[in-house]
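The residues making up each chain are set out below.
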Amino acid sequence: VWGKLSVTPREVHFTAYGQDYELDKIYDGTYYKYRLAYQLEYTDTDAGASKRIIFPKIDTCEVEVYDEEEVRQILTALDTEPINIRALVELAIFTGMRRGEIVGLKWSDIDFEKQEISVNKAAIKRANVYGRMGAWYFNTTKTESSIRTVKIGETLLAYLKEEKARQEANELKYGDYYTLHYLT
C-alpha cells in the first residue's frame, strides 16, 4: 500500500509516502460510478470498495412531518378544491408516497376492493436538453425497498373512486380528443 485517497465533495486529498496532495474538480458521485461500473461488469475490480479510497459519509437530512393541526388546516383548505387536487394531496398526506410515485400511479395500481395501492414505479422528469423541455417517463421507485403496498382509508378511497368516475365520464364525453393522464 503506497497511499490512501480521500474523496470529499468537489475535492480529493491524496496521501502517498506521508505527503498530502490535493486534486480539484472530482465529481461528487465518484464512489457510485465506481460501484456501478463494477456491478454492471464493466470492470473486474470493485474500486468503490478499495481500502485505499476513503469516501465521505453522506449526511442524511431530517424529514419534516406535519403535525395533526397542520394536517387539519390543509384538509380544511382543500374543501373548496376540485376532487383531483384533493385526492392527490390526501395521497401524499395519508400514504407517505413521494411526488413521483403519486404522479406515476395508474388506476390499475389501485385495488378498490382491498383498499390498497401498489407502489411499483415513479414518474420522473428528464432534465432539459439543448433548451428543450424535459419529458416525463416511468422509472422504478427510488429504492428497491420503496416497492410496497399501501393501505388507504375509506375517505381517500371515496375520493379516488369519484376521480376515476370523473375521468371515465370525460373520456366518454370527449372520445378521441380525450388525453389519458392516469391519476393526474
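Residues numbered from 1 in each chain as written. Predicted model: local features only at pLDDT ≥ 70, side-chain atom pairs only at ≥ 80, totals over all residues. Heavy atoms only, no water.

Caption draft 1: Fine view of the overall build of the protein. Helix and strand counts for the protein come out as five helices and nine strands. Mapped from its N terminus to its C terminus, the protein presents α and β elements in the order β-β-β-α-β-α-α-α-β-β-β-β-β-α. Across the protein, every contact between residues at least 6 apart in sequence was considered, and the portion connecting residues at least 24 apart equals 42%. (Helix = DSSP H or I, 4+ residues; strand = E, 2+ residues; numbered from the N terminus. Contact = heavy atoms within 4.5 Å.)

Caption draft 2: Structural context of the packing of aromatic side chains. Summed over all chains, the structure comprises one aromatic pair. Here Trp-107 and Phe-112 contribute two aromatic rings whose centre-to-centre distance is 6.3 Å and whose plane-to-plane angle is 25°, an arrangement assigned as stacked. Phe-112 gets classed as buried once you look at its relative accessible area, which sits at 18%. (Phe/Tyr/Trp six-rings, centres within 6.5 Å; stacked < 30°, edge-to-face > 60°. Buried < 20%, exposed > 50% of the residue type's maximum accessible area, 1.4 Å probe, protein only.)

Caption draft 3: Structural context of the environment of Arg-126. Examined against the element boundaries, Arg-126 turns out to sit in the loop between β7 (122-125) and β8 (136-139). For Arg-126, a relative accessible area of 48% translates into the label partly exposed. For the pair Arg-126 and Tyr-137, spaced eleven residues apart in the sequence, the C-alpha separation amounts to 7.6 Å.

Caption draft 4: Fine view of a negative patch on the surface. Taken together, the side chains of Glu-62, Glu-64, Asp-67 and Glu-70 present a region of like negative charge at the surface. Along the chain, Glu-64 falls in the loop between β4 (53-54) and α2 (68-77). Residue Glu-64 is classed as exposed on the basis of its relative accessible area of 79%. (Patch = residues over 30% accessible without salt bridge, like charges linked within 9 Å, V, L, I, M, F, W, Y side chains within 5 Å. Areas by Shrake-Rupley, 256 points an atom, 1.4 Å probe, with all protein chains shown as cover. Salt bridge = Lys/Arg side-chain N within 4 Å of Asp/Glu carboxyl O. Lys, Arg positive; Asp, Glu negative; His and termini not counted. Charge placed at Lys NZ, Arg CZ, Asp CG, Glu CD.)

Caption draft 5: Structural view of the packing of α2 against helix α3 (residues 83-95). Relative to each other, α2 and α3 sit at 170°, their axes nearing to 11 Å. Between α2 and α3, the angle falls in the class roughly antiparallel. Contacts between α2 and α3 pair Val-71, Ile-74 and Leu-75 from the former with Arg-86, Val-89, Glu-90, Ile-93 and Phe-94 from the latter. Taken together, the residues of the contact of α2 with α3 break down into six nonpolar, no polar and two charged. (Axes fitted to C-alpha atoms, helices over the stretch in contact; angles between N-to-C directions. Parallel < 35°, antiparallel > 145°, perpendicular 65-115°, else oblique. Nonpolar A, V, L, I, M, F, W, Y, C, P; charged D, E, K, R; others polar.)

Caption draft 6: The arrangement of the pattern of salt bridges in detail. Inspection of every chain in the model, using the stated rule, returns ten salt bridges. Measuring nitrogen to oxygen at the nearest pair gives 3.3 Å for the salt bridge that ties Arg-72 to Glu-68. Taken together, the residues Arg-72 and Glu-68, both in helix α2 and four residues apart, mark about one turn of the helix. With relative accessibility at 44%, the residue Arg-72 sits in the partly exposed group. Relative accessible area serves as the criterion here: at 62%, Glu-68 is assigned to the exposed category. One salt-bridge network, in which partners are shared between bridges, spans Glu-68, Glu-69 and Arg-72.

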